[in-house]
There are 2 protein chains.
Amino acid sequence: MINWKNLNELSSYQELGKVKPLDLAEAMTGQKGADRVGKYTVDMAEGLTYNYAAKAVDDDILGALAKLAEEAQLAEKFEELYNGAVVNTGEKRLVLHQLTRGQLGNAVEADGTDKRSFYIEQQKRIADFANKVHAGEIANAKGEKFTTVVQIGIGGSDLGPRAMYLALENWAKKTGTFKMNAAFISNVDPDDASAVLGSIDVAHSLFILVSKSGTTLETLTNQAFVMDALKKEGLDPAKHMIAVTSETSPIAHSADFLDAFYMDDYIGGRYSSTSAVGGAVLSLAFGPEVFAAFLDGAAAEDKLSTEKDLLKNPAMLDALIGVYERNILGFPSTAILPYSQALSRFPAHLQQLDMESNGKSVNRFGEPIGYVTGPIIFGEPGTNGQHSFYQLLHQGTDIVPLQFVGFRKSQIQNDVDIQGSTSQQKLCANVAAQIVAFACGKENADLNKNFKGGRPSSIIIGDDLNPKTLGALLAHFENKVMFQGFVWNINSFDQEGVQLGKTLAKAVLAHETEGALTEYSKLLNI
Amino acid sequence: MINWKNLNELSSYQELGKVKPLDLAEAMTGQKGADRVGKYTVDMAEGLTYNYAAKAVDDDILGALAKLAEEAQLAEKFEELYNGAVVNTGEKRLVLHQLTRGQLGNAVEADGTDKRSFYIEQQKRIADFANKVHAGEIANAKGEKFTTVVQIGIGGSDLGPRAMYLALENWAKKTGTFKMNAAFISNVDPDDASAVLGSIDVAHSLFILVSKSGTTLETLTNQAFVMDALKKEGLDPAKHMIAVTSETSPIAHSADFLDAFYMDDYIGGRYSSTSAVGGAVLSLAFGPEVFAAFLDGAAAEDKLSTEKDLLKNPAMLDALIGVYERNILGFPSTAILPYSQALSRFPAHLQQLDMESNGKSVNRFGEPIGYVTGPIIFGEPGTNGQHSFYQLLHQGTDIVPLQFVGFRKSQIQNDVDIQGSTSQQKLCANVAAQIVAFACGKENADLNKNFKGGRPSSIIIGDDLNPKTLGALLAHFENKVMFQGFVWNINSFDQEGVQLGKTLAKAVLAHETEGALTEYSKLLNI
């Protein structure tokens, strides 16, 4: 029997607040610190490791977190979710993104079909289509091969797929699996579409229109923009465009597209990288086998997330440490810091994933709650960030919990040895150094050069960034966000907060405004 | 006589805390709201406007802020700075970035030269060099024109120049001033340099090595990386590389470079976009005239920042509203939201500018302070952000103050009319709608669809984004950050917080570590 209770109604949460906080700087110094690195670690899928030695936790705090995980029934709630319960209470929908990459529990039927079969069918259809494009069987009007794929989508149809494409682009080039360049058009700003169209060979480009509802303003506008550009070059838009949408959307069965691939209402935009939304562009760019490996990595990580023992479940552990930092220690933001240039847009994706899922003020029943929920998420790749905002992270007046990601090997494996070390070694040395600098600090009589330490971080370490480890990494964060939503008793799967802006923008365009909105519209010459 | 006092020692700050806070949602509703839009606005340079109607201020609060500005002697402190005082107390240096674009006060002499003349001389040398490159007088070994310029630098040598390049790239293409493609190598991750080198025509590329000290680890490593690649193609690196550095650095007078252009110790990295650091790459990419127009815009905005009347000084006003939000209202972060795809990396630059300048815990005399300083800065362009993290901004448990930027016209001026409006109109309608949605909210009996409002924002509005407006925009934020540093009585011009990480990374590479750092090094196979 599942109980959906607010966090502050749980006795284990009250207990957690009474546990003595850790002096992190002291705990991470000397042999004790060395021991923590070996002890506070848990295996993820695909050879990744989640190491939380430099987080402000000890056995007592972890014990209290385990009790919280149990009382909040996190494992049971995840089980409900993957077995097909209506966990998205706001929109009254199932939540099935994990099912796009594997079956964790019972068969899930909805809309009269077995959903796992439906997702596999779409993957096969995409694979078949991509193979034909790569073979030149599906080609432009002159019979020439498509060389570029352009995703038209915004939010979850853009950030996740774009981050995944950038994460694997150089890996694919290195391993010989690179098939087509990908570009992305997202913003309604006409300069976005104009610039992308100006930078590609339109006659050899295949466009993917991605909108679950088929009604997204930006995406439909950019579709028209692209169709206009194709026509100006004497090309037939219907021969250059496919759709990824839900089967019930107005663009699902349209003669405007070469073909259409389907997702459904049970996949939220920000959770859609492993659905057809990510599948079409990634299969076209790198081949279906690469996309399948990416799904395998995500599925393996999902499997680990079903583990009931908190210390063996990296996503649940990461989630609970985050709740401890947010609700007990009172830190309002978290930085994502991947030491991998290929993950340059991964923080932007996690920013949406986390903030759109858990930036809520009411519980899943629509009742107000008396505690804070999702933090601000931001980040840039290291070592770049070190030369930017790390000053504040080290010496600012607020503490920002950190999540590092690092790999032992580079993707391209092209490197130089300068002053006795390779660039990759320098990169890894920097992330190791930062963890300890943040945790331990260093005393200096000149307070301007003093480092207090006590700034918590975790690190996910892997051998290299490839389709499988990327899939595992993505699923880890998706599941972390899900577990935090369970703890906060909120619905992580709707986004009613985006509606008011849409409504008012429509009013502006229809010139049906009053008061301040009319004045702002005048200032902007609308 | 200037008094450098801590914020909490100022009586006007104590008074500010006693002024009744504004009910923003109430104030922005109806005719009152419309009146505020017309009233709470101030002209910036180059036709830009800073509108703060949707900030949580009224005449009483603004009056208190004006007293604070006066007691904190903000105008006088800026005057000290531009007249050449040692404002960077930590490093005992003058702070002269405004002098790269104009002379606001007395002649400033240092290192035995008039610094304004020195900066102008460097601009002329760069202009002359760029013109010769564009004319093919300076060419590769085969006498072929250089087509691409690649900046090798990190932090301030990367983020600012990169953001400015992206901001003007499409404008330059549209106006016929585009001369050369620019690319950027920053991260010590070898995949960064490898990917950039793999994407350009190395034989026709000119590289700019940018490091003030000439000792930045990442930059020297990437220099070696690039030299290696040039040699492998049978090219002479010294014929393909110029340097931007201080005259006293080890790379200033080296046979490794075609030429060298100089900055000095009085320009912090994050303030260096208008120095030779931005000058070389922007003059090569767009021509010296475009760079000169960019400087003119910045100079015009600097001039406005000398205004003593708070309500006529947009940067000072923006700074003080930010201090009110941070120290009185208690908001720990601020989002930068440009409704212009061309400003896609402007928030990343401001993140460094603000967080590295004001993320400090001691005052300018190295004494601890009893109040919070610089906030977390993050942001992405609109409308993209609306489909990402805006959910939390609208309905999350924390309030995040916002800074919008919007332009009436697009840069490329290529647009389509869909459903009665252009994309540019849709873009502008969205930013107008968001301001009002955040400020006023909208009641709904279903609390999941309820918007409390009361979320403050400002907007900078311009006709279009061009070199002059970009310069004004940049200077506005530089001066805002400077004024906030004055209010907080901190040194905004050093960055001691980045040192410990550097020291520990060197220890890792030298295998001179102990405790936790040794264990992390092992995990990362260093």
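What counts, and at which threshold
Residues numbered from 1 in each chain as written. Chains lettered and ligands numbered in written order. Predicted model: local features only at pLDDT ≥ 70, side-chain atom pairs only at ≥ 80, totals over all residues. Heavy atoms only, no water. Pairing = 2+ DSSP bridges. Helix = DSSP H or I, 4+ residues; strand = E, 2+ residues; numbered from the N terminus. Axes fitted to C-alpha atoms, helices over the stretch in contact; angles between N-to-C directions. Contact = heavy atoms within 4.5 Å. Salt bridge = Lys/Arg side-chain N within 4 Å of Asp/Glu carboxyl O. Buried < 20%, exposed > 50% of the residue type's maximum accessible area, 1.4 Å probe, protein only. Core = buried A, V, L, I, M, F, W, Y, C linked by side-chain atoms within 4.5 Å. UniProt positions renumbered as here; feature names shortened; annotations may be inferred. pLDDT = per-residue confidence, 0-100. Domains from an automatic or database assignment. Least-squares fit on C-alpha atoms with pLDDT ≥ 70 in both. Phe/Tyr/Trp six-rings, centres within 6.5 Å; stacked < 30°, edge-to-face > 60°. Lys NZ or Arg CZ within 6 Å of the ring centre and 35° of its normal. Buried area = accessible area lost by both parts, 1.4 Å probe. Polar contact = N/O pair within 3.5 Å; in protein donor to acceptor, adjacent residues only side chain to side chain. Nonpolar A, V, L, I, M, F, W, Y, C, P; charged D, E, K, R; others polar.

Participant: Any details on the sheet that holds strand E7 (residues 205-210) of chain B? Residues and values, ideally.
Facilitator: Residues and elements named next belong to chain B. What the 5 strands build is an open sheet, ordered E6-E5-E7-E8-E9; its pairing is parallel. Of all strands in the sheet, those bounded by a partner on one side alone are strand E6 (181-185) and strand E9 (260-263). In this sheet, neighbouring strand axes are inclined to one another by 20° on average, regardless of whether the strands run parallel or antiparallel. In this structure, strand E8 (residues 241-246) lies alongside E9, joined through 4 bridges in parallel fashion. By the bridge assignment, Val 244 is partnered in E9 with Phe 261. Sitting on the sheet, helix H8 (residues 190-199) touches strand E5 (148-152), E6 and E7, and the angle it makes with E6 is about 160°. Each of E5, E6, E7, E8 and E9 is contacted by helix H10 (residues 276-286), which is oriented at about 170° to E7, the strand it contacts most.

Participant: With reference to specific residues and values, describe the pattern of salt bridges.
Facilitator: Any two side chains of opposite charge can pair, on the condition that their charged atoms come close. Counting across every chain of the model gives 50 salt bridges over all chains. Salt bridges here are not isolated pairs; linked through shared partners, they connect Glu 91, Arg 93 and Asp 265 of chain A.

Participant: Could you give me a rundown of the environment of Gly 102 of chain B, with the residues and numbers involved?
Facilitator: All names here are of chain B. By the secondary structure assignment, Gly 102 is in the loop between helix H5 (74-82) and strand E3 (109-110). The class for Gly 102 is buried, based on a relative accessible area of 16%. Distance from Gly 102 to Tyr 119, taken between C-alpha atoms, is 9.7 Å for residues 17 residues apart in sequence.

Participant: Break down the nonpolar core for me, with residues and values.
Facilitator: Formed by 360 residues in total, the largest nonpolar core has its most connected members in Tyr 520 of chain A together with Tyr 520 of chain B. Beyond its immediate chain neighbours, meaning those up to four positions away, Tyr 520 of chain A contacts Met 28, Val 37, Asn 51, Ala 53, Ala 54, Ala 432, Ile 435, Val 436 and Ile 459 of chain B.

Participant: Please provide a residue-by-residue account of the UniProt feature "active site" (unreviewed entry) in chain A, values included.
Facilitator: Under the local residue numbering, the UniProt record ascribes the feature "active site" (unreviewed entry) to Glu 356, His 387 and Lys 502 of chain A. Spanning 147 residues, the named residues do not form one spatial group; their C-alpha atoms are separated by as much as 37.5 Å. Residue classification places His 387 of chain A among the buried positions, given a relative accessible area of 14%. When residues no more than four places from it in sequence are discounted, the contact partners of His 387 of chain A are Ile 154, Gly 155, Gly 156, Thr 216, Glu 218, Gln 352 and Glu 356 of chain B. Turning to its location among the elements, Lys 502 of chain A is positioned in helix H17 (residues 499-509).

Participant: Lay out the confidence of the model for chain A with the relevant residues and their values.
Facilitator: Low pLDDT marks regions whose predicted coordinates should not be analysed in detail. Looking at chain A as a whole, the pLDDT averages 97, with 100% of positions reaching at least 70. For this predicted complex, the interface score ipTM comes out at 0.97, while the overall pTM is 0.98.

Participant: Mind laying out the domain arrangement of chain A, listing which residues take part and the relevant values?
Facilitator: One can read the domain layout of chain A as domain 1 (22-58 + 329-464), domain 2 (99-292) and domain 3 (498-526). Computed from C-alpha atoms alone, the centre-to-centre distance between domain 1 of chain A and domain 3 of chain A is 41 Å.

Participant: I'd like a rundown of the relation of the copies chain B and chain A, residues and numbers included.
Facilitator: With an RMSD of 0.0 Å, the fit of chain B onto chain A corresponds to turning through 180° and sliding 0.0 Å along the axis. Such values leave the two copies arranged in the relation of a two-fold axis. Identified as the residue of chain B closest to the rotation axis by C-alpha distance is Phe 378 of chain B, at 3.2 Å. When the interface residues of chain B are mapped onto chain A, 100% of them again lie at the interface, so the same face is used by both copies.

Participant: Give a detailed account of the packing of aromatic side chains, specifying residues and quantitative values.
Facilitator: Residue and element names in this part refer to chain A. Under the definition given, this model contains 38 aromatic pairs over all chains. Geometrically, the ring pair formed by Phe 178 and Phe 286 is tilted, given 6.2 Å between the ring centres and 50° between the ring planes. Here Phe 286 lies in helix H10 (residues 276-286) and Phe 178 lies in the loop between helix H7 (159-175) and strand E6 (181-185), a separation of 108 residues in the sequence. These aromatic residues form a ring-pair network of at least three members: Tyr 339, Phe 378, Phe 389, Tyr 390, Phe 404 and Phe 438. If you follow Lys 173 out to its NZ or CZ, it ends over the ring of Phe 178, 4.9 Å from the centre.

Participant: Talk me through unusual backbone geometry; I want residue IDs and the actual numbers.
Facilitator: Residues and elements named next belong to chain A. Here the residue pair Gly 382 and Thr 383 is connected by a cis peptide bond, since its omega of 10° sits within 30 degrees of zero. For Thr 383, the position within the fold is in the loop between strand E11 (376-378) and helix H14 (390-395). Positive phi outside glycine occurs at Glu 46, with the angle close to 55°. Mapping Glu 46 onto the fold places it in the loop between strand E1 (41-43) and strand E2 (49-51). In this structure, His 511 takes a positive phi of about 55° despite not being glycine. Topologically, His 511 is positioned in the loop between H17 and helix H18 (515-523).

Participant: Break down helix H18 (residues 515-523) of chain B for me, with residues and values.
Facilitator: Among all positions of H18 of chain B, only Gly 515, Ala 516, Leu 517, Tyr 520 and Ser 521 of chain B are buried. On its buried side, H18 of chain B packs onto helix H3 (30-39), E2, helix H15 (423-440) and strand E15 (457-462) of chain A together with helix H17 (499-509) of chain B. Just beyond H18 of chain B, the residue with positive phi is Asn 525 of chain B, at close to 55°.

Participant: Help me get a handle on the interface of chain B and chain A, residues and values and all.
Facilitator: Listed by partner, the interface residues are 127 residues for chain B and 127 residues for chain A. Both sides together, the interface formed by chain B and chain A hides about 10800 Å², and carbon and sulfur atoms give 64% of it. Sorting the residues of chain B by area buried against chain A places His 387, Tyr 520 and Leu 524 of chain B first, and these three jointly supply 7% of that buried surface. There are 4 salt bridges connecting chain B and chain A. Where chain B packs against chain A, one counts 46 residue pairs in polar contact (both at pLDDT 80 or more). The element best represented in the side of chain B that touches chain A is helix H15 (residues 423-440) of chain B, accounting for 15 residues. Here the side of chain B that touches chain A is composed, by residue class, of 55 nonpolar, 52 polar and 20 charged.

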